[in-house]
Amino acid sequence: MTVATISRGPSDLPRTGLDARRAIRAGDFNGPTAGIAPGYVQGNLAILPGALAGEFMRFCQLNPKPCPLLAASAPGDFRLPTLADDLDIRTDIPRYRVFRQGELVDEPSDVRAHWRDDLVAFVLGCSFSFEEALTDSGIELRHITCNATVPMYRTSIATAAAGPFHGPMVVSMRPMKPADAIRAIQITTRFPAVHGAPVHIGKPELIGIKDLMKPDYGDAVPINDDEIPVFWACGVTPQSVVATVKPEFCITHYPGTMLVTDRRNTEFAIM
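Residues numbered from 1 in each chain as written. Predicted model: local features only at pLDDT ≥ 70, side-chain atom pairs only at ≥ 80, totals over all residues. Heavy atoms only, no water.

**Topic: the packing of aromatic side chains**
We count it as follows: Each Phe, Tyr or Trp ring, with Trp reduced to its six-membered ring, pairs with another whose centre is within 6.5 Å; inter-plane angles below 30 degrees give stacked pairs, above 60 give edge-to-face pairs, and intermediate values give tilted ones. Under the DSSP-based scheme used, a helix requires at least four consecutive residues in state H or I and a strand at least two consecutive residues in state E, with every element numbered from the N terminus. Classification of residues uses two cut-offs on accessible area relative to the type maximum, computed with a 1.4 Å probe and protein chains only: under 20% is buried, over 50% is exposed, and between them is partly exposed.
All chains considered together, the criterion is met by six aromatic pairs. Ring centres of F56 and F165 lie 5.4 Å apart, and the angle between their planes is 70°; on these two criteria the pair is classed as edge-to-face. Of this pair, F56 sits in helix α2 (residues 50-62) while F165 sits in the loop between β6 (152-158) and β7 (168-176), placing them 109 residues apart in sequence. Accessibility expressed as a relative area gives 2% for F56, which makes it buried.

This is how it looks when you write it as structure tokens:
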């Protein structure tokens with residue numbers, strides 16, 4: 001399924017994590033979060049019933065590349081104080097996806113109506129954190145140039161199973177010239193807490209991707225003749241796992257619309 005790009009809204013984008021969350025909570029910002037609140041860590045979201053939380057925690061521990069765990073809530077608690085004081089996981093993401101028995105049933109901007117006392121929220125590291133370092137080094141990121149959501153693909157790379165949780169890894173793709181790809185490997189290796197180095201370079205067919213112009217999530221972006229596709233493990237992987245496992249209930253973020261925290265990207269860099 002291809003996800004359409006959402007309008008970015010006002011040109012005066014939020015500059016801090018707190019500004020971003022307040023704008024999102026008020027309905028003043030509803031677009032992709034790439035490029036907003038520069039310097040602040042953004043996170044992928046997975047919310048599951050408490051009965052499944054322990055196995056999902058182990059799944060994250062066994063699959064740190066696609067599922068680098070930044071924080072987990074107490075059951076029924078919508079706060080995540082290690083990421084920010086003023087944070088409500090039910091309202092502070094531009095758009096969510098709600099699943100029942102593995103089927104998508106809603107894509108709201110607020111999940112208070114779906115909230116339950118047994119739910120545990122997991123926030124996973126996001127590649128947006130290392131993208132800042134890439135752009136600071138002069139590496140173009142095509143999805144940002146095109147004002148689009150990064151293209152993401154389900155692959156033939158299997159994740160390590162934990163209880164009922166298993167399924168294919170999802171990757172995000174950024175086209176780069178070979179010299180930039182080498183530099184990108186060097187840079188992103190410094191960010192193991194937010195996906196780290198690429199998992200594959202070139203030849204998408206070797207990891208089960210048939211057509212780069214038909215991503216499973218996000219938007220297709222042009223690839224020039226002198227460029228190669230570079231693939232990173234992606235925090236949308238839990239959504240792929242949900243499609244495989246079909247838990248009775250689950251909430252995730254809508255691809256490209258993340259939780260913006262008060263943590264700084266530099267906190268997660270190995271200098």
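**Concerning α2**
The α-helix winds at 3.6 residues per turn, so residues separated by three or four positions along the chain end up facing the same way. In plain terms, the rule: To estimate how far a helix should extend, the number of its residues minus one is multiplied by 1.5 Å. Contacts are residue-level and defined by heavy atoms, with any inter-residue pair within 4.5 Å sufficient.
Compared with an ideal rise of 1.5 Å per residue, which puts 13 residues at 18 Å, α2 spans 19 Å between its outermost C-alpha atoms and is within 8% of the ideal. At its buried positions, α2 is contacted by β1 (40-49), β2 (69-72), β5 (119-125) and α6 (237-245).

**Description of the nonpolar core**
This is how it is decided: For this analysis, a nonpolar core means a set of buried residues of the types Ala, Val, Leu, Ile, Met, Phe, Trp, Tyr and Cys, connected via side-chain atoms within 4.5 Å.
L45, I47, L83, I89, V123 and I251 are the most contacted members of the largest nonpolar core, which has 22 residues in total. Ignoring sequence-local partners within four residues, the contact set of I89 consists of L45, I47, F78, L80, Y96, V111, W115, A121, V123 and L259. The next biggest cluster of nonpolar side chains, apart from the first, holds 18 residues, and it includes F56, F122, V241 and V242.

**Quick word on the layout of surface pockets**
Which entries qualify depends on this criterion: With a 1 Å grid laid over protein atoms only, a set of points is called a cavity when a 1.4 Å probe fits there but cannot get out and a pocket when it is open yet has protein on both sides within 12 Å along at least five of seven lines; lining residues have an atom within 4 Å of a point. Grid points are joined across faces, edges and corners, and a volume is the space filled by probe spheres set on the points. We call Asp, Glu, Lys and Arg charged. Ala, Val, Leu, Ile, Met, Phe, Trp, Tyr, Cys and Pro are nonpolar, and the rest, Gly among them, are polar.
Here the largest pocket is characterised by a volume of approximately 190 Å³. Residue lining of the largest pocket: 16 residues in total, with G35, I36, P38, F128 and E132 positioned closest to the centre. Mapped by element, the contributors of at least two residues to the lining of the largest pocket are β1 and α3 (128-136). Residue classes in the lining of the largest pocket are distributed as seven nonpolar, seven polar and two charged. In this model, the second largest pocket occupies a volume close to 150 Å³. Lining the second largest pocket are 12 residues, with R97, F99, Y217, Q239 and A243 sitting closest to its centre. Elements that contribute at least two residues to the lining of the second largest pocket include exactly β3 (96-100) and α6.

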